[in-house]
Amino acid sequence: QDVTLKLHQFLPAQANVPKLILDVWADSIEAASDGRIEVERYPSMQLGGRPPELMDQVIDGVADVVWTVVGYTPGRFPSTEVFELPFMVTDARAASAAYWQMYEAHMQEEFADVHILGTWVHGPGMIHANQEITTPDDMQGVKIRGATRQVNTLLETLGATPVGMPVPAIPEALSKGVIDGTTIPWEVTGALKVPELVDYHTEFEGAHFYNVTFVLAMNKGVYDGLPDDLKAVVDENSGLEFSVFAGGTQSDADGPSREAALDNGNEIVTVSEEAAEAWRVAAQPVYDKWLAEMTELGIDGQALIDEARQLMADYEG
Amino acid sequence: MSDLEIGLYSFPALLIMIFLRVPIGLAMFVTGLVGLYLVTGGNTVALSRLKNETYSTFSSYSLSIVPMFLLMGHFATLGGMSSALFRAAEGFLGHRRGGVAMASIGACAGFGAICGSSLATAATMGRVALPELKRYGYEGGFSQATLAAGGTLGILIPPSVVLVIYAILTEQNIAKLFLAAFVPGLLAALGYVLAISIYVRLNPDAAGTRPAIPMGERLKRLGAVWPVLLVFVSVVGGIYGGIFTPTEAAAVGALGTALIALANGGLTGKTLIESFMVTAKSTAMIFFIVLGAAIYNGFLALTQVPQEMSTWVVSQGYAPITVLLVILLFYLVFGCLMDSLSMILLTVPIFFPVISALDFGLVDLITMQHEAARAALASVTDLAPDVRAEIEALIAAGAEIPRELQRAIDIRVTEGVVNRIAAEQTAIWFGILVLIVVEVGLITPPVGMNLFVINAMDKATPMLQTYKSVLYFVGSDIVRVGILVAFPAITLFLL
Amino acid sequence: MLGRIVEALARLLALLGGLVLSALIIMTCLSITGRWLNGVLHSDLLEGGVLSTWLLALGIGPINGDFELVEAGMAFVIFAFLPITQLRSGHASVDIFTARLGVTPNRWLAALWSVLFAAILILISVQLWAGTEAKMRYGETTYLIQFPIWWAYAAALVGACVAAVTAIYVALARVAEVVTGATILADGADQ
Ligand code: NA
Ligand code: NA
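Residues numbered from 1 in each chain as written. Chains lettered and ligands numbered in written order. Predicted model: local features only at pLDDT ≥ 70, side-chain atom pairs only at ≥ 80, totals over all residues. Heavy atoms only, no water.

*Asks:* Can you help me understand the overall build of chain C in this one?
*Replies:* A count of helical and extended segments in chain C gives five helices and zero strands. Listed N to C, the secondary structure of chain C is α-α-α-α-α in terms of helices and strands. For 191 residues, the compact-globule formula gives about 16 Å, and the C-alpha radius of gyration of chain C, at 23 Å, lies well above that figure. Summarising its shape, the C-alpha atoms of chain C cover approximately 80 × 40 × 35 Å along the three principal directions. Considering chain C as a whole, with its 191 residues, one finds that 50% of them fall into the buried category. Taking the contacts inside chain C whose residues are at least 6 apart along the sequence as the reference set, 74% of them involve residues at least 24 apart. When the accessible surface of chain C is summed, it comes to about 8800 Å², and 72% of that surface belongs to carbon and sulfur atoms. Charge-centre separation for chain C: the mean point of 9 positive side chains lies 14 Å from the mean point of 12 negative side chains. (Helix = DSSP H or I, 4+ residues; strand = E, 2+ residues; numbered from the N terminus. Rg over C-alpha atoms; globule rule 2.2 N^0.38 Å. Buried < 20%, exposed > 50% of the residue type's maximum accessible area, 1.4 Å probe, protein only. Contact = heavy atoms within 4.5 Å. Areas by Shrake-Rupley, 256 points an atom, 1.4 Å probe, with all protein chains shown as cover. Lys, Arg positive; Asp, Glu negative; His and termini not counted. Charge placed at Lys NZ, Arg CZ, Asp CG, Glu CD.)

Written as C-alpha cells, this is what we have:
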C-alpha cells in the first residue's frame, strides 16, 4: 500500500462505535483505494495519552485520524455546543446532517488545525439512576455524573449535584454509591454494565434531554499530502452522507441495549412530551447562560440555534 | 527493518541500558523515544507526544493514590503506630522460641495494612524491631532476613502501591484487587512465621528467649494499637462500604494518620518537612518510571509486538498453565535483578494480552448457572411445581438451564456474563500471582531492595549472612506461589 | 555556592509540592464530608426542614470539580518532587553488573547518564512549554470548574524547569568528578 493511516480512539475495538462505524469507514476506504490506503486501528488509547488529548494528537500528527468527543476539550470548539443544548435534538440523523452543514458554513475556523471527515451526535441522552426520576423535582440533590461541560451545567441548573469522573470510573462509582446515577445514551450502557448497577432509566419522548457531539478528524498535513485520487477516496467516504450514517448507526445501536435493560427487569420511565414541558422550563437557564457565553466570545448563539433548528426541520420534513 | 523487528530489538537494547546502570525510567523513556523516531520515520510524533504526555501522566487521578499512601505511611510512623504494633505483637509472642522474630512479622503485617509500600514497611519496622531483636540475642543475618521478608507484606496486604499500578495498566477494579490480595497476604505472614520456626529449630543458637510477660501488660499493649485499627477500618472499610473511592480513601488515611501523629506529638514542623522530602523522592522515582513506561509502551503498541506475541503464543497451543508458569519463572529470575515496580510497568503490557487470550477454566457456565439456580430455588416460594421440578432435573443432570427457565426464577447467567467474569477473574488472579513473584524479587539475592535497606541499618552484619538466612523465607514464598497457582479459589473466593 | 543555590531551590520545590499535596488531601476529605452531609440533609428524615434547607442553600455538598483539582494539582506536585530526586540520585537503577567495574568506570557511567538525563529533562521542559502554549492558544478549559488548562500546565512547567536546572548541575558535578577525581555529590541513599 502507499499510505498508512493510524486511527486512534478511546473505546475498545468491540464497542459499538468502533465496530459499527469506524471499522466500516476504514474498510470502505481500504476497499475503495484498492488497498493503497491501509487504516491501522488503535482502540482504547493504545497509542498513549488520555481521551482529551486525541484532538492534539491528530493536530500534531501523533495519530493520522482520531474519533473524539468534542466536549472533551471544553472551550475550544464553542459553536458545536449548539447541538449539546438540552431538548435541542430530536433525531440523531437530522442533527448530524445539520451539524455537518453548519460545520461547513461556520465552524471551519474553529477546526482550522484539522481536516474534518465527519460530524455527528449520539442517540437520545438520558438519565440512569438508582432512584425513580420523573420530574425535575426528583433531581434535587441527586449525585449524577455528567458527560460534558454542557451536561454538567444542565444537571446543576436542575438542582442535581454533578460529579465529574472519567467514563471508565462510572461502574465502580455507581456500585459504591459514590454517584446515584449517570447521563449516557442507551448504546454505551452495555459496556459499562449500567443496567446491572441501576434500577431506573429516564428517557424523554420527543426532543433529547441532552446530546454530545463527535468528530472524526484527520491530520491536515497528511490529508493535503495525499495524491489526488486517494484524496478523492477519502472525500467520498466523508462529509454529509457519512455523518448521517454515523449518527444514525450510533442511534440505532440504542435499541438492543434498551432491550437488555428490560430483560434485566429494570424500570424505564418515559417522560411524555407534555410532561417534558416542566423539564424544558427548568432547563431554560442553560440556554440563557450559553447565549451569554457565546456573546462574550463574539458568536451569535441565537442565530446558531435558529439555523440548527431550521436545518433539522428541513431534514426531517 | 520492519516495525515488528524494531519492537523486538528494543528489548535487548533496553536491558543493556538498564544493566549499564541507566536509571530504569530514563532507559525506558529514551528507548521509547528513539523507537518512536525509528518507527514513525521522524521526530514529529515523538516530540509531539511529549507536549502532553508528561502532564497527562503526572496528573492522573488514580495514580494520585501513590503519594497519598506514601505520606500516610510516614505519618503512621510519626504517630508511633509502628512501635505500638511491634510492642503488642512482641508481648504475645516474645517468650516463644523465635517469638520476637515472629512478632516482627506480625507487626509488619499490621503496618502493611496501613502502608502501601514494601520498602517503607521494611525500613520502618527495621528501625523499630532490629534493636529489640539484637537485645534478645537474635543472630544479625536472621534478624535482617526476617524484617526484609516482613517488609514485603507492605505491598501484599492492601493498600498496595504496586497493585494500584497493575490495576491501572490492566483496567481492573482497584477495590477488587485489594480484596483478592487479602488472603494471600495473610498466607504470606503465616508462611514466614513457619519459616522462622523451622529456622530456629535447625539453628537453635540463632535466637535467644525471654520470660513471658503478664497477660494484663499484654492486653495493655494490644490496646495501644487502636489507631492502626481505626485507620485500617476507615480506609479499607470506606472503600468496601461504598463511602469513597480508593483515591479518596488514601486522602482520608493520610489526613487521619496526620491527625493522630499531631495528637501524640510526633508530627512537628520539622518532621512534616522531613516526610515531604522522603515522600518526594519515592514519588518522583515511581512517577518517572511510570512516565518512561508510558512512552515505551506507546512505542511498543505501534510496533504491534504485544498483539503479535499473544497471537503467537495462542497459536502454539501450549497449555495455559505452562505459559503462566514460564511467565512467573521469568519474573522470579528477573526479580533477582530488578525492582518490582519497574518490572510490572515494563512487562505487564506485554504479558497481560498473552494471559488474557488463554482460558484457565476459572469459571464454568454450567456450574455458575446451577449455583445461581440453587440459591434462587431456595428463596423463591411462588414457583409452579412443574417448573421447579424441571429445573431441579436439569441441575441433577448437569445440563444447561435455558433462558426462559432462568427467567422464571429471576436469574440470568448467560455465556456473555460468564465470559466477562472469567476475564476479570483471570486478570485478578494473574495480578496477585505477579505481585507475589515480584515481591519475592525484593528479597532474593543479589539485588533485593528490602535486603539492602535493612542491611544498611546494621553494618556489623555481612550481607552474605543475610543472603543465607533469607533463603528460608524465599522458600516459603515459592511454596505459597505453588499453592495459589494450584488453587485459584484462595485468591478469588472473596470477590 | 552554585551547589547551595540548587540545593535550596530543590528543597523549596519539594516543600511546595508537599504543601500542595497536603492541600489536595484536605480538599478531598472536605469534599467527601460535603457529599455525605448533602446526602444526609436530603434524606427523607431531614428533607424540607428549616435547618437542612438553610444548610443546602449555603451550598453544602461535594466541592465542585474536586476531581479536576486533584489532577491539576498532582501534575504540579510530581514535577515539584523531581528536582530533589534528581539531586539525591533518587532514581531506581540496577548496579549489580557495574558494581565490579571499580570506581573510575562507574564515575564515567554516572557522568554519562546524568548528562543524558539532563538532556531529557531539558527536552521535557521545552515540549511542556510547547504544550502550555498550545493549551493557552486553544483556550481549553477543564470541564467542571472551567479554569484554563494552561494554568495547570504552567505550574507544572515551573517544576520541570527547576528539575532541568538541577539535572544540569548534577551533570556538571558528575563530569567534574570524572575530571578531578574528587567527590562532589554525596551518593544516593538515606538523605
Ligand atoms: Na499495604
Ligand atoms: Na531480587
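The rest of the description comes next.
*Asks:* For this particular structure, what's the right way to read the overall build of chain B?
*Replies:* Helix and strand counts for chain B come out as 24 helices and zero strands. Taken over C-alpha atoms, the radius of gyration comes to 25 Å for chain B, in line with the 23 Å a tight globule of 495 residues would show. Taken over the C-alpha atoms alone, chain B extends approximately 70 × 70 × 45 Å along its principal axes. Pairs at least 24 apart in sequence give 80% of the contacts found in chain B among residues at least 6 apart. When the accessible surface of chain B is summed, it comes to about 18100 Å², and 67% of that surface belongs to carbon and sulfur atoms. Within chain B, the 28 negative side-chain charges are centred at a point lying 15 Å from the centre of the 26 positive side-chain charges.

*Asks:* Just to check I follow, could you spell out the interface of chain B and chain C for this structure?
*Replies:* Much of the literature gives interface size as the accessible area that the parts lose upon coming together. Tallying the contact residues gives 50 residues for chain B and 56 residues for chain C. Contact with chain C buries area across many residues of chain B, yet B:Arg21, B:Tyr55 and B:Lys281 alone supply 16% of it, more than any other trio. Applying the counting criterion to the chain B and chain C interface returns one salt bridge. For B:Glu248, the salt bridge identified is with C:Arg35, shortest N-O distance 2.9 Å. At the junction of chain B with chain C, the criterion picks out six residue pairs in polar contact (both at pLDDT 80 or more). Elements represented by at least two residues in the side of chain B that touches chain C include exactly α1 (3-19), α2 (24-40), α3 (44-58), α4 (65-78), α13 (246-263) and α14 (269-303) of chain B. If you tally residues by element for the side of chain B that touches chain C, the top one is α14(B), at 13 residues. Counted by class, the side of chain B that touches chain C contains 38 nonpolar, seven polar and five charged residues. (Buried area = accessible area lost by both parts, 1.4 Å probe. Salt bridge = Lys/Arg side-chain N within 4 Å of Asp/Glu carboxyl O. Polar contact = N/O pair within 3.5 Å; in protein donor to acceptor, adjacent residues only side chain to side chain. Nonpolar A, V, L, I, M, F, W, Y, C, P; charged D, E, K, R; others polar.)

*Asks:* For this particular structure, what's the right way to read the nonpolar core?
*Replies:* The tendency in soluble globular proteins is for nonpolar side chains to be buried as a group. Judged by nonpolar contacts, the single largest core of 307 residues is most densely connected at A:Val82, A:Phe83, A:Trp120, A:Met139, A:Phe209, A:Leu216 and A:Trp279. Broken down by element, this core gets its largest block of residues, 17 residues, from α14(B). (Core = buried A, V, L, I, M, F, W, Y, C linked by side-chain atoms within 4.5 Å.)

*Asks:* Which parts of the structure should I look at to understand the sheet that holds strand β10 (residues 213-219) of chain A?
*Replies:* For sheets, the rule is that strands pair by backbone hydrogen bonds, running either parallel or antiparallel. Residues and elements named next belong to chain A. Sheet architecture is open: five strands sit in the order β2-β1-β3-β10-β4, paired in mixed fashion. The sheet terminates laterally at β2 (37-42) and β4 (114-121), the two strands that pair on one side only. Taking each pair of neighbouring strands and ignoring which way they run, the sheet shows an average axis angle of 20°. One ladder, built from seven bridges, connects β4 with β10; its direction is antiparallel. Residue pairing in the sheet places Trp-120 in a bridge with Phe-214 of β10. In this fold helix α10 (residues 240-252) packs onto β4 and β10, with an angle of close to 40° to the strand it touches most, β4. (Pairing = 2+ DSSP bridges. Axes fitted to C-alpha atoms, helices over the stretch in contact; angles between N-to-C directions.)

*Asks:* Help me understand the sheet that holds strand β7 (residues 161-163) of chain A, please; the structure alone is not making it clear to me.
*Replies:* Residue and element names in this part refer to chain A. Taking strand neighbours across the sheet as the criterion, the six strands line up as β7-β6-β8-β5-β9-β11 in an open arrangement whose pairing is mixed. The strands lining the two open edges of the sheet, one partner per strand, are β7 and β11 (267-271). Direction aside, the axes of adjacent strands within the sheet are offset by 25° on average. The sheet contact formed by strand β6 (residues 143-145) and β7 spans three bridges and is parallel. Its bridge partner lying in β7, Ile-144 is registered against Pro-162.

*Asks:* Would you explain α13(B) in this entry?
*Replies:* Along an α-helix, a turn takes 3.6 residues, which lines up residues three or four apart on a common side. Residue and element names in this part refer to chain B. End to end, α13 covers 25 Å across 18 residues, agreeing with the expected 26 Å (1.5 Å per residue, within 8%). Pro-246, Thr-247, Glu-248, Ala-249, Ala-250, Ala-251, Gly-253, Ala-254, Thr-257, Ala-258, Ile-260 and Ala-261 are the residues of α13 that are buried. Gly-265 occupies a position one or two residues after α13 and carries a positive phi of about 80°. (Expected span 1.5 Å × (residues − 1).)

*Asks:* Before we go on, may I ask you to explain the UniProt feature "transmembrane region" (unreviewed entry) in chain C in this structure?
*Replies:* Those places that UniProt annotates as "transmembrane region" (unreviewed entry) correspond, in this numbering, to residues 12-33, 69-87, 108-130 and 150-172 of chain C. End-to-end, the C-alpha atoms of residues 108-130 of chain C are 33 Å apart, and along that stretch the chain is 100% helix and 0% strand. (UniProt positions renumbered as here; feature names shortened; annotations may be inferred.)

*Asks:* Which parts of the structure should I look at to understand the interface of chain C and chain A?
*Replies:* Chain C puts 15 residues into the contact, and the matching count from chain A is 26 residues. At the boundary of chain C with chain A, total buried surface from both sides reaches about 1700 Å², with 50% on carbon and sulfur atoms. Looking at the side of chain C facing chain A, the largest losses of area belong to C:Arg35, C:Tyr138 and C:Tyr143, adding up to 38% of the total buried there. For the pair chain C and chain A, the number of links is three salt bridges. Across the pair A:Asp56 and C:Lys135 runs a salt bridge whose closest N-O atoms are separated by 2.7 Å.

*Asks:* Mind showing me how you'd approach the pattern of salt bridges here?
*Replies:* Pairing of side chains with opposite charge becomes possible as their charged atoms draw close. All names here are of chain A. Summed over the entire model, instances satisfying the criterion amount to 30 salt bridges over all chains. Close ionic contact of Asp-56 with Arg-76 constitutes a salt bridge, the shortest N to O distance being 2.9 Å. Here Asp-56, found in helix α2 (residues 54-60), pairs with Arg-76, found in the loop between β3 (65-69) and α3 (92-107); they are 20 residues apart in sequence, far enough to count as distant. For Asp-56, a relative accessible area of 4% puts it in the buried group. Arg-76 gets classed as buried once you look at its relative accessible area, which sits at 6%.

*Asks:* Sorry, what's going on with the coordination of the sodium ion (ligand 1) here?
*Replies:* Each pair of donors in an ideal four-coordinate tetrahedral metal site encloses 109.5 degrees, whereas pairs in an ideal six-coordinate octahedral site enclose 90 or 180 degrees. Residues and elements named next belong to chain B. Coordination of the sodium ion (ligand 1) by the protein is provided by Gly-112 (O), Cys-115 (O), Gly-154 (O), Ile-157 (O) and Pro-159 (O), with metal-donor distances spanning 2.2 to 2.3 Å. For the sodium ion (ligand 1), all donor residues lie on one chain, and their spacing in sequence is G-x2-C-x38-G-x2-I-x1-P. Its relative accessible area of 0% is what places Gly-112 among the buried residues. (Donors = N, O, S within 2.8 Å, 3.2 Å for Na, K, Ca; no water.)

*Asks:* Explain the pairing of β3(A) to me, please; I cannot follow it from the model alone.
*Replies:* Here is the key point about a regular strand: its side chains alternate between the two faces of the sheet. Residues and elements named next belong to chain A. Across the five residues that make up β3, a large majority, five, are buried. Residue alternation in β3 divides its side chains into two sets, Val-65, Trp-67 and Val-69 and Val-66 and Thr-68, and both sets are buried. Strand direction decides the pairing type here: β3 and β10, joined by five bridges, are antiparallel. Paired with Trp-67 across the bridge in β10 is Leu-216.

*Asks:* Sorry, what's going on with the confidence of the model for chain B here?
*Replies:* Detailed reading of the predicted model is not advised wherever pLDDT is low. The predicted model of chain B has a mean per-residue pLDDT of 88, with 100% of residues at 70 or higher. Confidence, expressed as mean pLDDT per element, reaches its minimum in chain B at helix α20 (residues 403-408) of chain B with 79 and its maximum at helix α23 (residues 463-486) of chain B with 94. (pLDDT = per-residue confidence, 0-100.)

*Asks:* So what exactly am I meant to see when it comes to the packing of α3(B) against helix α4 (residues 103-138) of chain C here?
*Replies:* Packed helices, taken two at a time, are described by the angle between their axes plus the distance between the axes. Where α3(B) contacts α4(C), the axes come no closer than 8 Å and their chain directions differ by 80°. The orientation of α3(B) with respect to α4(C), classified from their angle, is roughly perpendicular. Residues B:Leu47, B:Ser48, B:Leu50, B:Lys51, B:Asn52, B:Thr54 and B:Tyr55 of α3(B) form the contact with α4(C), whose own contacting residues are C:Leu123, C:Ile124, C:Gln127, C:Leu128, C:Ala130, C:Gly131 and C:Lys135. (Parallel < 35°, antiparallel > 145°, perpendicular 65-115°, else oblique.)

*Asks:* Is there a simple way to think about the confidence of the model for chain C in this case?
*Replies:* Residue and element names in this part refer to chain C. Confidence in the prediction of chain C, expressed as mean pLDDT, is 89, and 97% of residues score 70 or more. Taking the mean pLDDT of every element in chain C, the minimum, 79, falls on helix α2 (residues 50-57) and the maximum, 96, on helix α5 (residues 149-180). Listed scores for the predicted complex are pTM 0.86 and ipTM 0.87.

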